[in-house]
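# Architecture and fold: a report
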Amino acid sequence: MADLSPQELRVLAAVADSGGFSAAGAFLGLSQSAVSHSVRGSEAKVGAVLFERGRGGASPTPAGERAVALARRILRMYEVLGAEARGAGRDTVAGVLRIAAFRSAALHLLPPALERLTARHPGIRPEVRVVRELGAGTAGEVAAGRADLAIATLNAGGGGVGGATGATGATGSVPAGAAAPGRLLTGLLREEAYALVHPAGHPDPRSLPLLDWDENCGSYTRDWWRAQDWIPRATVKAEDDGMVLTMVGRGLGMAILPELSLREATDAVDITGLGPSGPVRHVGYVTAPESASTLAVRALIRELRSEAG
């Protein structure tokens, strides 16, 4: 198979990102016909149809999704090559560092690590995107080549790349300690217990309706949830854990939340532990093998591990 050039990779990524040949051409400064010709050439080299063409534009086929993800990751290595070469042997790190994180990690876990990172390496420019832990979740941003590192929920027992879907079910999460599907690398940063949170002073919090959010409860906690006959089905689902915490403080119900989420708790709520058999969430980093060796990602992992203690 003939190699694809960097320009051909850029065209594939632009078509996927923009949803069409014309829009990709406008972004790249090329004509629609030039984009179409490039895609056809790439498909011939790869030996697979990469895009479904239609009146509404172009969308990646399964083969195209994989090709585009790899194209983004290869292009990212071109982007960091100069900074890597200049920083080698000098302990200097510079350039954009793209990070994906779920909400509570972006609020409470990343900031102190990034503060130390940028103090030691002023040339680093972090770009943080908050991504919900649904479907592919934050790890999916790494797999798709849109992030260099993600803060994700990890499944200590194994499972596929992805986020959770709520207390009543889950899609699976990234397995800890080894290469995840798609050859993503993971590392555990912290384990945090879930706790019962309820309106302050309530005499019987377990009698309250359950408040939940879509990202709550990974696949590794499902057995625990199923075994708790005192937990009703959620009557209210909020968009994120912060909204759940606010509603609990307003007396609208009780919730079961992990420690990072509870850092925003006020005096309006009480927090009760669930005991040694309660569920535990594993939080860690996810990165691609090629990114794991870069100076910026390695420096960030060091700071995250330092923050986790």
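Up top you'll find the structure we're talking about.
These numbers were taken from a predicted model, which means no experiment stands behind them. (Residues numbered from 1 in each chain as written. Predicted model: local features only at pLDDT ≥ 70, side-chain atom pairs only at ≥ 80, totals over all residues. Heavy atoms only, no water.)

### Examining the packing of helix α2 (residues 21-28) against helix α3 (residues 32-46)
- It is at 8 Å that the axes of α2 and α3 come closest, and there the two elements cross at 105°. Put simply, α2 runs roughly perpendicular to α3. Every residue of α3 that contacts α2 at F21, S22, A24 and G25 is listed here: Q32, V35, S36 and V39. (Axes fitted to C-alpha atoms, helices over the stretch in contact; angles between N-to-C directions. Helix = DSSP H or I, 4+ residues; strand = E, 2+ residues; numbered from the N terminus. Parallel < 35°, antiparallel > 145°, perpendicular 65-115°, else oblique. Contact = heavy atoms within 4.5 Å.)

### Considerations on the packing of helix α1 (residues 6-18) against α3
- Running from N to C, α1 and α3 cross one another at 110°; their axes reach a closest spacing of 9 Å. The angle between α1 and α3 places the two elements in the roughly perpendicular class. For the pair α1 and α3, the contacting residues are E8, V11, L12 and V15 in the first and V35, S38, V39, S42 and K45 in the second.
- Looking at the contact of α1 with α3, its residues break down into five nonpolar, two polar and two charged. (Nonpolar A, V, L, I, M, F, W, Y, C, P; charged D, E, K, R; others polar.)

### Some thoughts on the layout of surface pockets
- Empty space within the largest pocket amounts to approximately 330 Å³.
- What lines the largest pocket is a set of 16 residues, among which R10, A13, D17, F27 and L75 lie closest to the centre.
- Among the secondary structure elements, those contributing two or more residues to the lining of the largest pocket are α1, α2 and α4 (62-87).
- Of the residues contributing to the lining of the largest pocket, the split by class is seven nonpolar, two polar and seven charged. (1 Å grid on protein atoms, 1.4 Å probe; cavity = no way out; pocket = protein on both sides within 12 Å on 5 of 7 lines; lining within 4 Å. Points joined across faces, edges and corners; volume = space filled by probe spheres on them.)

### Observations concerning the pattern of salt bridges
- Summed over the entire model, instances satisfying the criterion amount to 21 salt bridges.
- A salt bridge links D214 to R132, with the shortest nitrogen-to-oxygen separation between them at 3.7 Å. Pair noted here: D214 is in the loop between β9 (211-213) and α7 (222-227) and R132 is in the loop between β4 (124-130) and α6 (137-143), with a separation of 82 residues, a long-range link.
- Classification of R132 by relative accessible area gives partly exposed; the value is 32%.
- E215 is the partner of R132 in a salt bridge, and the nearest nitrogen-oxygen pair spans 3.6 Å. One end of the pair, R132, is in the loop between β4 and α6; the other, E215, is in the loop between β9 and α7, and 83 residues separate them in sequence.
- A relative accessible area of 14% places E215 in the buried class. (Salt bridge = Lys/Arg side-chain N within 4 Å of Asp/Glu carboxyl O. Buried < 20%, exposed > 50% of the residue type's maximum accessible area, 1.4 Å probe, protein only.)

### Describing α4
- Between its first and last C-alpha, α4 extends 37 Å over 26 residues, near the 38 Å set by a 1.5 Å rise per residue.
- Taken as a whole, α4 carries its principal kink of about 45° at V80.
- Of the positions making up α4, those classed as buried are G64, A67, V68, A69, A71, R72, R73, L75, R76, V80, A83 and G87.
- The positive-phi residue at the C-terminal boundary of α4 is G89, with phi of around 75°. (Expected span 1.5 Å × (residues − 1). Bend = angle between axes of the 7 residues up to and from the residue.)

### Focus: the environment of P289
- For P289, the location among the structural elements is in helix α10 (residues 289-292).
- Put simply, P289 and L185 are 104 residues apart on the chain and 6.3 Å apart in space, counted from C-alpha to C-alpha.
- Residues in contact with P289, not counting those within four places in the same chain, are R73, R183 and L185.

Coordinates in, geometry out; function isn't part of it.
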